[in-house]
Amino acid sequence: LDTWFSSGLWPFSTLGWPNTNDPDFKKWYPNSVLVTGFDIIFFWVARMTMMGNTFTNNIPFKDVYIHGLVRDENNKKMSKSSGNGIDPILLIDKYGSDALRFALIREVAGAGQDIRLDFDRKKDTSSTVEASRNFANKLWNATKFVLINKTSNNNYSLNESDETSLELCDKWILSKLNQVNIKVATLLKEYKLGESAKLLYEFTWNDFCDWYVEFAKQRFNNKETNNRKISEKVLIKVLNDILVMIHPFMPHITEELWHVLKLKPDKELLSLQKWPTQENKFVDNKLDNSFQQLFEIIRLIRNLRAELGLKPAQKVPVYLISDNDELIDFLKILVDDIQTLTKSSQVFIFKPNAVDKKEFAKSFSGIISDLEVYLPFQDFVNIDVLKERLTKDLTKVTIELENLNKRLSNKNFVDKAPKDIVDECRFKLNEGLVQKERITKKLELLN
Amino acid sequence: MTEMNDQLSLENYSPFEVEKKWQEKWESLKAFSPNPEDDGEPSCVVIPPPNVTGSLHMGHAFNTALIDVVVRFQRLQGKNVLCLPGTDHASIAVQTILEKQLKSEGKTSEDIGRDEFLKRAWNWKEQSGGRIVSQLKRIGYSVDWTRERFTLDQKLNEAVIEAFNILYKKNLIYRGEYLVNWCPESQSAVSDLEVEMQEVNGHLWHFKYPLISESGEQLDKYLEVATTRPETLLGDTAVAVNPDDDRYKEFIGVKVKVPFVDREIPIIADSHVDKDFGTGCVKVTPAHDPNDFAIGKRHNLKQINVMHKDGTLNINAGIFQNLDRYDARKKIIKELDNLGLLTKIEDYKHTVPFSDRGKVPIEPLLSTQWFLKMDDISQGCLNEIDSKKPSFIPPRWEKVYKDWLENINDWCISRQLWWGHQIPAWYVLDDSQDSIEQNTPYIVARNEEDALIEANKTIWIKY
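Below is a summary of the structure that appears in this document. Predicted, not measured: the structure shown is a model, and the values here were computed from it.

**Digging into a positive patch on the surface**
Residues and elements named next belong to chain A. A cluster of basic side chains, namely Arg-299, Arg-302, Lys-315 and Lys-343, defines a positive patch on the protein surface. Here Lys-343 lies in the loop between α15 (335–342) and β6 (344–350). For Lys-343, a relative accessible area of 37% translates into the label partly exposed.

Right, here's the structure in full:
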């Protein structure tokens, strides 16, 4: 018999059919979903629907999720004959199965699309799988941080009274967490696997590890126990939810870390827990926007510090000036955080009429919507050293610009080089021009 | 500090250790073996079974990762989830491997017989079948290994026999002459799946068919046809033109003579003929070409098979009998030229179906095979798809699926392979006939006893 004859019975012959009283058949037939590649829609999928419909009066599965192929580093189809297959076991040995799984799923953009897997055949390495392995490491280290800092094994669940003592950053991370929870659950129900993996990655890495953990660090240095306790609870709550939500993608590391957190008796399994409750009451879009603005301000200050050539230990004051009362009030609450996160000696927040801008004549500055940022340098940096450095930078940019101009005025290059290379040159030219202007302005300021 | 001591394992992240630990724990705790009696909305995925003797490739890893995310998510949603694993017997792949092994021992499968062959196949499965399973486990697949299935399991065989009997009783299964992809090298019918289209630099031979008068005299008029397989002309039973082709309207109904075999065949009109291809006249060989087979069905043409199963020509080929198909081709071209009938040889790049198994061009060949009627069965699915059963993600595949169901042919379900399920049919032999022929009566039943009872009844009625 044709092999597809028996394969056509697979969704129900495996559950005990023709015995329609088999408990497995009664409970689990029809199947929920079939997940398979497009190349066997006819040979297999249609044969199963036809056989299923004929013998059981039921289409054997509710949904059919059709996925694409994994293509090699050159976007070529992998095949035995071209010998360009990438051995999954090799990558599992090197980076772990969690990393490989996450890397593959994160590449999925829209169901049914082929994905590309990066691979270096000389070194047997894959940068995308390595990136996922780094993500696993990030989770590991975040958990380690939580464990080192948690004080007791008592109740970690946030209760009503805790909710009244939440700080702004707690409210913000809980808002983000619940949004991610709602989005990811919706996406997964629609089989948007790649999209959910990306969302979880960004939330975990950026919002949780890069920002919230940094906020928490300060509070762990704080003597006030309640502040510390709340932060601990929020940290653990968010981390726990992250572990549950990432579990389907990276089952092993999440199971391990979840056990290490010891929120439940050791004999329980993360695999069999419930998806975290979605708490709409925490969702606060306005707060998200405010925090987004705060992060931009902090990034700007860090950039200005870098341009001034300041070392982390060199603390300078920062001046924030805005007309926006709401923003000023918000920033004032978080002033200590801004100070620590930007390594500033002090952060001053003013309304424009409360300060004479002439005082900031000798400052590096920047603008984020209706807020101005000033870093006065006069008393803090050696002007000559700074000038010298900026002059050097200017020379470098000028040479680079000359080279780019030369290439782009060469008709032969513009006409014959690949389009993306020419485009890249143009892009670099524009960037260089902006940079040159910035450095020139700063040098003027110093003179 | 006590906690810190507990967490020493957290010092360094070793995926290898963490993964091994949890894979073993999940399996030993039977974490993913659900009880059908338990509460929870049922949710079930049966995995696409990989070939039992294969090894894991990236496609499997991708499929597995996707399925596992789906089922683990469903479990976290509190559903009663079954994800059932299994492997496929990979009939063709295993058969090919075993035949290679036998060849290296200087034997063939026929030498050792079916029983010994199957013994070897099961041994091979036992030896190499664990590999793919242990590789799937390394991905962290949350399937229920206690429910693992193999497509040749006894239980699954019972399902196949039951399914076959039901279809047979519904008169959906028949035996028929049909063009199948025949592989002369491995001497078996191969499915479309096992046919690989390859582009070859071949030729298109143009030659003339002389017209004959009503009284049977050869006229000095000709129709020109072209073919990539001149040897098939021996089986031609018509020349077809498009009914709207003004050049040939007057010839419709007239006859031409097939050289070498002196057969008179009609010129017929069929709207499937492309006026603009070649001369607009095509030779029709119902027994050796699927398109011609369809034309033959429409016009009730005779099917004349000119080939043996080993690729040599048979008695219907007249003077070319017993020549290999390619030797016959050369000879026919030469003879056509001698007769002044060959008009042109054109270099021609075209695709030829090759057998995956024998690595030679397949021949469409008339032979007795088992078929499943598809009209009603596919119509049933077409009715369901209107209410999104099943629902395709992404939805664009729904159209592809529908188109295929609408244009489906009857399914040739028989295979000349030993490693696989057998058709549950028993031939009825008596004293007058001790070998199985095309017309040997047969009984479809669930087992041999039932077949015997049925056979006795049938024969009783017959005589």
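More follows now that the structure is in view.
**Observations regarding the packing of aromatic side chains**
Residues and elements named next belong to chain A. Enumeration according to the criterion identifies 47 aromatic pairs over all chains in this entry. Here the aromatic rings of Phe-208 and Tyr-212 are separated by 6.4 Å at their centres, their planes lie at 15°, and the arrangement is stacked. Residue Phe-208 and its partner Tyr-212 are both found in helix α10 (residues 193–220); the two are separated by four residues, about one turn of the helix. For Tyr-212, a relative accessible area of 0% puts it in the buried group.

**Notes on the sheet that holds strand β2 (residues 61–67) of chain A**
Strand order in this open sheet of three strands is β1(A)-β2(A)-β15(B), and the pairing throughout is parallel. The sheet is open, and its two borders are formed by β1 (31–37) of chain A together with β15 (391–393) of chain B, each paired with just one other strand. Strand-to-strand, the axes of this sheet are offset by a mean angle of 20°, without reference to chain direction. Note that β2(A) and β15(B) share three bridges and pair parallel. Among the inter-strand pairings, Asp63(A) is bridged to a residue of β15(B), identified as Ser391(B). Seen against the sheet, helix α3 (residues 58–76) of chain B touches β1 and β2 of chain A and runs at an angle of roughly 160° to β1(A).

**Considerations on unusual backbone geometry**
Residue Pro30(A) follows Tyr29(A) across a cis peptide bond; omega there is -5°. Within the secondary structure, Pro30(A) sits in the loop between α3 (23–28) and β1. Across the junction of Lys389(B) and Pro390(B), the peptide omega takes the value -5°, indicating a cis bond. Here Pro390(B) is to be found in the loop between α10 (375–385) and β15. In the Ramachandran plot, Ala90(B) falls in the positive-phi region, its phi being about 50° despite a non-glycine side chain. Position of Ala90(B) relative to the elements: it lies in the loop between β3 (86–87) and α4 (91–104). Classification of Ala90(B) by relative accessible area gives buried; the value is 6%. The phi dihedral of Lys388(B) is positive, around 60°, even though this residue is not glycine. The class for Lys388(B) is partly exposed, based on a relative accessible area of 47%.

**Looking at helix α2 (residues 15–28) of chain B**
All names here are of chain B. Along its 14 residues, α2 runs 20 Å from first to last C-alpha, staying within 8% of the 20 Å computed at 1.5 Å per residue. Among the residues making up α2, those that are buried are Pro-15, Val-18, Glu-19, Trp-22, Gln-23 and Trp-26. Across the axial projection of α2, the buried residues extend over an arc of 125°, all falling on one side. Of the exposed residues in α2, those oriented more than 90 degrees away from the buried face are Glu-17 and Ser-28. Backbone geometry just after α2 places Lys-30 at a positive phi near 50°.

**Notes on the environment of Val69(B)**
Residue placement: Val69(B) occurs in helix α3. Taking relative accessible area as the criterion, Val69(B) reaches 0% and is therefore assigned buried. Here Val69(B) is in contact with Arg101(A), Ile105(A), Leu188(A), Leu193(A), Pro248(A) and Phe249(A), once residues within four sequence places are set aside.

**Observations concerning the packing of helix α7 (residues 127–149) of chain A against α10(A)**
Residues and elements named next belong to chain A. At their nearest, the axes of α7 and α10 sit 11 Å apart, and the two run at 25° to each other. With respect to α10, the element α7 is oriented roughly parallel. Remark: the crossing between α7 and α10 carries left-handed chirality. Of the residues in α10, those touching α7 at Asn-134, Phe-135, Lys-138, Leu-139, Ala-142, Phe-145 and Asn-149 are Leu-200, Tyr-201, Thr-204, Trp-205, Phe-208, Cys-209, Asp-210, Val-213, Lys-217 and Phe-220.

**Quick word on the interface of chain A and chain B**
If you look at the interface, chain A gives 106 residues, while chain B gives 105 residues. In total, about 9300 Å² of surface goes out of reach between chain A and chain B, with carbon and sulfur atoms giving 70% of it. Taken as a group, Leu1(A), Trp10(A) and Trp28(A) account for 10% of the area that chain A buries against chain B, more than any other trio of residues on that side. Counting every contact that joins chain A to chain B gives five salt bridges. Among the ionic pairs, Asp93(A) bridges to Arg138(B), the shortest N-O distance being 2.8 Å. For the pair chain A and chain B, the number of links is 35 residue pairs in polar contact (both at pLDDT 80 or more). For the side of chain A that touches chain B, the element with the most residues is helix α4 (residues 41–56) of chain A, which contributes 13 residues.

Rules behind the numbers
Residues numbered from 1 in each chain as written. Chains lettered and ligands numbered in written order. Predicted model: local features only at pLDDT ≥ 70, side-chain atom pairs only at ≥ 80, totals over all residues. Heavy atoms only, no water. Patch = residues over 30% accessible without salt bridge, like charges linked within 9 Å, V, L, I, M, F, W, Y side chains within 5 Å. Areas by Shrake-Rupley, 256 points an atom, 1.4 Å probe, with all protein chains shown as cover. Salt bridge = Lys/Arg side-chain N within 4 Å of Asp/Glu carboxyl O. Lys, Arg positive; Asp, Glu negative; His and termini not counted. Charge placed at Lys NZ, Arg CZ, Asp CG, Glu CD. Helix = DSSP H or I, 4+ residues; strand = E, 2+ residues; numbered from the N terminus. Buried < 20%, exposed > 50% of the residue type's maximum accessible area, 1.4 Å probe, protein only. Phe/Tyr/Trp six-rings, centres within 6.5 Å; stacked < 30°, edge-to-face > 60°. Pairing = 2+ DSSP bridges. Axes fitted to C-alpha atoms, helices over the stretch in contact; angles between N-to-C directions. Contact = heavy atoms within 4.5 Å. Expected span 1.5 Å × (residues − 1). Arc of directions from axis to C-beta. Parallel < 35°, antiparallel > 145°, perpendicular 65-115°, else oblique. Left-handed = near helix turned anticlockwise from the far one by under 90°. Buried area = accessible area lost by both parts, 1.4 Å probe. Polar contact = N/O pair within 3.5 Å; in protein donor to acceptor, adjacent residues only side chain to side chain.

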